[in-house]
Every structure is written in C-alpha cells, then in structure tokens.
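If you want the building blocks of each chain, they are given just below.
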Amino acid sequence: MAFEQVDYTSLNIPAAPFSDPAIIPAFPKGKVPRHVGIIMDGNGRWAQNRAMVRTKGHQAAEPVVFDVIAGAIEAGVRYLSLYTFSTENWKRSPQEVRFLMGFSREIIHRRVAQMDEWGVRVRWAGRRPRLWKSVIDELEVAMERTKHNSTIDVVFCINYGGRAEIADACADIAREVKDGAISGERVTEKMIAEHLYNPDIPDCDLVIRTSGEQRTSNFLPWEATYAELDFAPELFPDYGRVPFWRSISHYTRQERRFGGVIK
Ligand code: IPE
Ligand code: IPE
Ligand code: MG
C-alpha cells in the first residue's frame, strides 16, 4: 500500500494504519514482544512548554495513541496495554479529571469504527467504582463491537492501579473461598493470575515509559515482573510509531533469562 502523508494533528482524519513497508524495521523473527505496555507520560509538560493549558497536551496525545496502535499492528505486537488514567490520577484538579474522563469517553466513541476496521479488539483494565459510568458504557459498547477481532488487543487501562488489581484479585479469591467455590488452603500464583482483570492476556514483555521519567507508577506490577523496560526520552505527544519501533528494536536485542542461565 502506498504511504500517505496524513495530517495527524487533525482530529477528524484517522492516522493511516499502514506505512510504506520500506520504513518498517525488519525485526528478528520470533523476537517481537507479544505484550507491550505503555505509560503514556508527558502530555502536561508538552503543553506547558508551549504555554498552553495541560489539557491541550492530552488532546495532542490522541493522534499519537492511534499512530502507535498502527505501528504495533505493523510490528506484529499482539497485546498493547495503554496506561490512560491511574487510580492515583484522581488527585489532579477537578477540571483536569473531568477533562480526562470526558475525553476518554469521546475518543472511544469516535474511534471505535476505525479500531474495528483495523482488527483491534478493545479491552479495559481498571476498577469500576469512581470511574464515570459514561466511560464504562462506551468501553462496553466498544468491547462488544470488537470482540471477534484478533489482529491486536488494545487494553485501555482506565482507573487502573496495579495494587488495586492485586487487591481486587485477592478479594475475589476470598469471596470464592467463603462461598466454597475454591479451597483457601493454598493460595497460589496461578490462582492470583487467574483473578486479574484480564486473565487471558499473557504477561507483559516490554514496558515503555515516555517523557524520560524512570518509574512504573503502579502499572502492571504483577504482569510485568520480568518485563524489559524502555524509557523513551520523548514527551508522549512527540512519540509515535517510529520511536515505538525503536523501543521494539531495543527489546529484540535483550537476552531474557527469567532467573535462569543462558548457555
Ligand atoms: C500523562 O501525561 C497522561 C496522564 C497521566 C493522563 P501527564 O498528564 O502525566 O503529563 P506530565 O507528566 O504532567 O507532563
Ligand atoms: C502515570 O503517569 C499514569 C498514566 C500515564 C496514566 P503519572 O504522570 O500519573 O505518574 P507520576 O505521578 O509521574 O508517577
Ligand atoms: Mg505525568
């Protein structure tokens, strides 16, 4: 397919899903991470650097999110978890929280047809209490509409906290033990993994954080214990599929030992 130069800054024009094959790096076979998580950080700073309000940075991030999804499809990534709103982000100003909730709802609504066309299966990881019902409603519509797609699963982590996820899994286990559905004599790692928000999704292989900050901020503590980490210097609105491929290339060069020894 010919490469079209798309105006990514326009909200009405979807990012082109496919690049000129010549620009996609040839990743070593079998080395592309199956599950990538991205901590999409730096929107506020991007806006502040331009003397704009922080919410303008969130708006600038939208086309980048879809450019990265397209790049992940092209690279052959099967699961992409996007840290969109953390359980700690409620600490922000009411105006910013309100914007982020409304904007998340709007993006899911406005982009679902495009995601469906690309073969994206929309998923959600997060806690229900406190999250706007209208956001949950849009997520449910999008999940239902795209449930048969299998090109890539895109997990929107909204009102997501890693500790909350583990605590929720433990609460579910306790409830099942109380109901007699399972025995509580031995709580195993497998049992906890089976009670996470999306137990069918494999562990995270690569966590990318943009904006140069080097921490994981409560993102996928269970799933990413053995993930490779890549800290990209770009603020998220300056990120995109090409820097994403750089992060994937970095990953393909790592030797993963999982505590063992490679001979
Ligand atoms: C990440 O960008 C987006 C969300 C957390 C919703 P920030 O809003 O954290 O931007 P910075 O880190 O303040 O620049
Ligand atoms: C992490 O970014 C959360 C998301 C990207 C949604 P934050 O900006 O909230 O993280 P801290 O506060 O810098 O650790
Ligand atoms: Mg931040």
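Each value, and the rule that gives it
- Residues numbered from 1 in each chain as written.
- Chains lettered and ligands numbered in written order.
- Predicted model: local features only at pLDDT ≥ 70, side-chain atom pairs only at ≥ 80, totals over all residues.
- Heavy atoms only, no water.
- Helix = DSSP H or I, 4+ residues; strand = E, 2+ residues; numbered from the N terminus.
- Buried < 20%, exposed > 50% of the residue type's maximum accessible area, 1.4 Å probe, protein only.
- Contact = heavy atoms within 4.5 Å.
- Phe/Tyr/Trp six-rings, centres within 6.5 Å; stacked < 30°, edge-to-face > 60°.
- Near = heavy atom within 4 Å.
- Polar contact = N/O pair within 3.5 Å; in protein donor to acceptor, adjacent residues only side chain to side chain.
- Areas by Shrake-Rupley, 256 points an atom, 1.4 Å probe, with all protein chains shown as cover.
- 1 Å grid on protein atoms, 1.4 Å probe; cavity = no way out; pocket = protein on both sides within 12 Å on 5 of 7 lines; lining within 4 Å.
- Sits in = over half its atoms within 2 Å of the grid points.

## Focus on the environment of Arg-145
Its place among the elements puts Arg-145 in helix α4 (residues 133-145). Owing to a relative accessible area of 44%, Arg-145 belongs among the partly exposed residues under this scheme. In this structure the C-alpha to C-alpha distance between Arg-145 and Val-122, which are 23 residues apart in sequence, comes to 8.5 Å. In contact with Arg-145, other than residues within four places in its own chain, are Val-112, Ala-113 and Asp-116.

## Some details on the packing of aromatic side chains
Taken as a whole, this structure holds 8 aromatic pairs when the rule is applied. Seen in terms of ring centroids, Tyr-83 and Tyr-160 are 5.9 Å apart; in terms of plane orientation they differ by 80°. Their pairing is edge-to-face. Of the two residues, Tyr-83 is situated in strand β2 (residues 79-86) and Tyr-160 in strand β4 (residues 152-160); the sequence distance between them amounts to 77 residues. Under the relative-accessibility criterion, Tyr-83 is labelled buried at 7%.

## Overview of unusual backbone geometry
At Ser-211, a residue that is not glycine, the phi angle is positive and equals roughly 85°. Assignment of secondary structure puts Ser-211 in the loop between β5 (206-209) and β6 (228-231). In this structure, Asn-218 takes a positive phi of about 70° despite not being glycine. Summarising the element assignment, Asn-218 is placed in the loop between β5 and β6.

## Topic: the site of ligand 1
Residues in close proximity to ligand 1 total 13 residues, the closest being Met-40, Asp-41, Gly-44, Arg-45 and Arg-92. Within the contact set of ligand 1, an oxygen atom lies 2.7 Å away from a backbone nitrogen or oxygen of Arg-45. Alone, ligand 1 offers 380 Å² of accessible surface; in the complex the protein occludes 86% of this. Using a 2 Å cut-off from the grid points, one finds that ligand 1 occupies the largest pocket. Every element with two or more residues in the shell around ligand 1 is listed here: α1 (43-48), α2 (54-75) and α3 (94-118).

## A look at the site of ligand 2
In the region of ligand 2, the neighbouring residues are Ile-39, Met-40, Asp-41, Tyr-83, Thr-84, Phe-85, Asn-89, Arg-92, Arg-209, Arg-215 and Ser-217. Measuring from an oxygen atom of ligand 2, one finds a side-chain N or O atom of Asp-41 at 3.2 Å. Note that an oxygen atom of ligand 2 is positioned 2.6 Å from one of the side-chain N or O atoms of Ser-217. Because more than half of its atoms lie within 2 Å of the grid, ligand 2 is assigned to the largest pocket. The biggest single contributor to the shell around ligand 2 is β2, with 3 residues.

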